[in-house]
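Residue-level listing of the chains:
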Amino acid sequence: MATGIVEEFLELKSETDADLLAMQCGDFYEFFAEDAEIVGEELDLTVSQKSSHGSSYPMAGVPIDDLTPYLKALVERGRRVAVADQYETEDGHAREITRVVTPGTLLETTDAEAQYLAAIVREEGADGDPYGLAFADVTTGRFLLTTAADAAAARAELYRFDPVEVLPGPNVRTDDELLDGLRENLQTTVSLPETASFEPGRARRAVRERFGTETLDSVGLDSEPPIRAAGAALAYVEGTGAGVLASITRLTVYGSTDRVELDATTQRNLELTETIRGGEDGSLLATIDHTVTNAGSRLLREWLTRPRRDREVLERRHDAVEALAAAPIERDHLREILTDAYDLERLAARATSGSAGARQLLSVRDTLGLIPHLSEAIAGTPLADSPVAAVVDAPDRETAAELRSELDEALAEDPPSSVSSGGIIARGHDAELDELIDRHEEAKRWIDTLAEREKRDHGLSHVTVDRNKTDGYYVQVGKSVADQVPEHYREIKTLKNSKRFVTDELAEREREILRLEEARSDLERELFGELRDRVGDAAALLQDVGRAIAELDALCSLAEHAAGNDWTRPSLAEPGELAIEAGRHPVVERTTDFVPNDLRLDEDRGFLIVTGPNMSGKSTYMRQAALITLLAQVGSFVPARAARIGLVDGIYTRVGALDELAQGRSTFMVEMQELSKILHSASEESLVILDEVGRGTATYDGISIAWAATEYLHNEVRARTLFATHYHELTALADHLPRVENVHVAVDDGDGDDDRGVTFLRTVREGPTDRSYGVHVADLAGVPDPVVDRAGTVLDRLRQEKAIEARGGNAGLADASGDETTQVVFDLSSGSFESDAASGSGSGPETMREATETGGPAEALTDGDPSRGVGGSDEGADGSGRTDPAVDPEVESVLEELADVDVEETPPLELSGRIQEWQRRLTDGE
Ligand SMILES: Nc1ncnc2c1ncn2[C@@H]1O[C@H](COP(=O)(O)OP(=O)(O)OP(=O)(O)O)[C@@H](O)[C@H]1O
């Protein structure tokens, strides 16, 4: 038994694995010892010293009513906080831990965003075993389960839900890569509940207890991993106490057949909900979110991160957006009504967990009351014939109206915030309560008029009747008349100028009033509890209405953006087609004078190689294609004059990997892992965006990989692909692969020679480009003038000397002495350097393929556009000594002789003589 308050605190603390303990001491929650120092620091609370049994302990406290914001702040910093409440006992009071608040189980959040707790398990942990994932949002009651085929798919789901807290199962706890990635990219709290809760039998029982066997059957949940994740999540929520588990009411099992595959990398690359630098401003969501309710904003985010493939669903959303976009006055009216809506999903969760107060139930009442207004705002307008009307009509309107009037009839108009103070329930709701109130009021009236009566009956002046904590009700008489009081007055206190008295009748009335007050408060509490339970029982209805409001809000938001930014309705086409007329980038167009561009991909033209100088707009062009496709499959209009969008099953991107460096993987390794994932996962119905694949390694390896990946995507995967590259060699692929075409982003380069006089046109044209204009970009970037000037001179020299210069393939293919278009290739089969002109078509993909097949380094040797060395897209020396492409003629002639030598036929002595001779010539040349 603890002897002092600090000892009691420490004892309770030892019972919990929470990071901090808040212990109720009367009207305060106190933190002691180390906990006090932590909260003092983190929450800026005053830390004082408390002495206990000869020792002194730091102590910090917050008033009872203020605990929630402090808890929230601690939890948002990733702390798990146990709360010990005080309760009365026969011999005083005692305390016990009633709940543990963690980031994923905090009910009292006010943030708009969903607050997911995720559990993730993996079957035995062997390669190829699927992952099971459960996502619970206690603030809205949503509980979603799914299976992910591999780690990448699991990561994609985690990224999409962006959980605030993650519970890794036993096999996942050793996966440092996954956990570090979560901590870093999602800044989530990783908690480790006992592993037994992930155990299949126990987990299944937990799920059955919560949702019933029938639900399990009806949602088709029969695979083990998601059940294990679900069981662990439920056990964890239950373990945190205070009825939070009751808020979880909706079980959804989802698969991936109806949604567009978007892996974590792609969600990040496309900056759907946050930018690559972090932060929401500048993301697609922040740009298009004009919702006026929290639920609407959450839903829009869900739509955006989970585009659909179901044509019917999408057409319906497009119809709704079209109708709303064309009806600005009605849209404004609807949005104005929606502004008054409270977050019904969250209120339902508060009601089911028993934590909703009277004001929350009033919010439920008021929000239910909006439905008829919304209906009226639609009736008789063009919206009435659109799916917008169906959205509002979807919930059970009759039951909603009944619940609304029940709440209206039961709740007082301006109830106090605390349930215990009485005055919550309206008159007329309960006869017994009404009677209690009548009697209470009558007794109070008797008291209120007592002073007057006493003055009149006993001829006293200076009489007042009042009440305080120590004396209860009393009659106070001025000293001057105190000796005139009647006999039945009993004196209880003498003050300076007056005396206080009680009478038997007054004492009796006082007892009656106290009895009535207590009875009234008990009865009100009971009636309120019943009412709250009824609202909790109607959680599904509230969720339906909440959903309708969220959906209407999200659709209005899409319409608002479409109308305000001249977006157009996309028409949905068969997979494989993508035709965009005057398309724009949905985010960049907001801040730039944007130059629109067309894009066409179809059966005969499935793969575009996008070339163009640095900074010309290649990435923007490709991202806009991905975003327009994605927006169409969200149900939104798109930034274009016209668009036909073939439905895709997935969007895959490979764009730069800046942020992965923090995780200790090399840029190139990440690049290759992402490429590998795309080559494995994409299908004929996917859209693939590759931005400069292969640039993270030596030039020739890079070109070879890019070349081979292109062939594979074109021949095997057959996905629609946009591939931006500075390797102009790749443009030759268009001559060899039937569905590959070149496009380039045009620039105006003035006189054509000086890279520093370039104007970016941002216009995409057919065909390849031949230069990178890297020097110009270096200049723009503020590289010091002497360096830029020198780079220009070197570039000129290189061009004049036409030293091993590469020019993209189909442009007039080459005579070795002619200008601009020579491509020099090291042909493994002949063992010699060959120009395009000399090798003919053999220098094309065949050469590359051979190179790859023989397992040797794919030596499609060109040194690329020399300007790359300055413009920053080349990785520099590759170990082959080609950093200076101006090859000495002497060296060149040695190489030619070397290539011509027939090793089989030349006698060894002669061979060694010739080698010595070459060595001499090479050393002399130095
Ligand atoms: N169509 C356009 N209209 C107006 N501005 C554009 C357009 N396309 C791109 N831009 C602007 O041009 C800049 C460069 O674009 P982007 O990053 O797409 O170039 P890039 O060719 O991919 O460059 P790099 O090869 O160096 O990676 C961006 O700041 C972008 O805002």
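Each residue is numbered by its place in its chain's sequence as written, counting from 1. The predicted nature of this model means local features are confined to residues of pLDDT at least 70 and side-chain atom pairs, given and counted, to a pLDDT of 80 or more, with totals for whole chains, interfaces and linings taken over all residues. Excluding hydrogens and water, the side-chain figures rest on all heavy atoms present in the structure.

The protein appears in an unreviewed UniProt entry as DNA mismatch repair protein MutS from Halopenitus salinus. UniProt positions are given in the numbering used here, feature names are shortened, and annotations may be inferred rather than shown by experiment. Comment text from UniProt for the protein, heading Function (unreviewed entry), reads "This protein is involved in the repair of mismatches in DNA. It is possible that it carries out the mismatch recognition step. This protein has a weak ATPase activity." Taken from UniProt, the Sequence similarities (unreviewed entry) comment for the protein reads in full: "Belongs to the DNA mismatch repair MutS family."

Undergrad: Before we go on, may I ask you to explain the packing of aromatic side chains in this structure?
TA: Aromatic rings in a pair are described by how distant their centres are and how their planes are angled relative to each other. Two rings from Phe, Tyr or Trp (for Trp, the six-membered ring) form a pair when their centres sit within 6.5 Å of each other. Planes less than 30 degrees apart are called stacked, planes more than 60 degrees apart edge-to-face, and all others tilted. Counted by the stated rule, this structure contains 8 aromatic pairs. Linked through ring pairs, Tyr116, Phe135, Phe161 and Tyr254 together constitute an aromatic cluster. Lysine NZ or arginine CZ positioned within 6 Å of the ring centre and within 35 degrees of the ring normal marks a charge as sitting over the ring. It is Arg306 that lies over the ring of Tyr254; its NZ or CZ is 4.4 Å from the centre. The lysine or arginine in question, Arg500, covers the ring of Tyr474, its NZ or CZ lying 4.1 Å from the ring centre.

Undergrad: Can you help me understand helix α13 (residues 344-352) in this one?
TA: Burial analysis of α13 places 8 of its 9 residues in the buried class, which makes it a mostly covered element. Burial status follows relative accessibility: with a 1.4 Å probe on protein chains alone, a residue under 20% of its type maximum counts as buried, one over 50% as exposed, and anything between as partly exposed. Starting at the N terminus, helices and strands are each numbered in turn, a helix being any DSSP run of H or I of at least four residues and a strand any DSSP run of E of at least two. When we look at burial in α13, the residues that qualify are Leu344, Glu345, Arg346, Leu347, Ala348, Ala349, Arg350 and Ala351. By the convention used here, residues are in contact when the closest approach between their heavy atoms is within 4.5 Å. Looking at the buried residues of α13, the elements they touch are β9 (142-148), β12 (250-253), α10 (294-305), α14 (358-368), α19 (504-537) and α20 (539-565). Just beyond α13, the residue with positive phi is Gly354, at close to 80°.

Undergrad: How should I be thinking about the site of the ligand in this particular structure?
TA: By nearness alone, 16 residues border the ligand, and Val595, Met615, Lys618, Ser619 and Thr620 come closest of all. Two N or O atoms form a polar contact when they lie within 3.5 Å of each other; inside protein one atom must be a possible hydrogen donor and the other a possible acceptor, and for residues adjacent in sequence the pair counts only when both atoms belong to side chains. In this structure, Ser616 approaches the ligand through a main-chain N or O atom, which is 3.2 Å from an oxygen atom. The side chain of Thr620 places a nitrogen or oxygen atom 2.5 Å from an oxygen atom of the ligand. Within the complex, the protein chains bury 77% of what would otherwise be the 630 Å² of accessible surface of the ligand. Near is defined per residue: the residue qualifies when any heavy atom it owns lies within 4 Å of the molecule or strand. Only the protein chains shown count as cover for residues, with accessible areas throughout obtained via the Shrake-Rupley method and a probe of 1.4 Å.

Undergrad: Looking at this structure, I do not really get a negative patch on the surface. What am I missing?
TA: Exposure above 30% relative accessible area and the absence of a salt bridge qualify a residue for a patch, where like charges join within 9 Å and nonpolar side chains (Val, Leu, Ile, Met, Phe, Trp, Tyr) within 5 Å. Salt bridges are identified by distance alone: a Lys or Arg side-chain nitrogen within 4 Å of an Asp or Glu carboxyl oxygen. Only four residue types enter the tally: Lys and Arg on the positive side, Asp and Glu on the negative side, with His and both chain ends excluded. To locate a charge, take NZ of a lysine, CZ of an arginine, CG of an aspartate or CD of a glutamate. Together, Glu432, Glu518, Asp522, Glu526, Glu530, Asp533 and Asp537 line one region of the surface with negative charge. When residues of the negative patch are assigned to their parent elements, the largest contribution, 6 residues, is made by α19. Among the secondary structure elements, Glu518 is positioned in helix α19.

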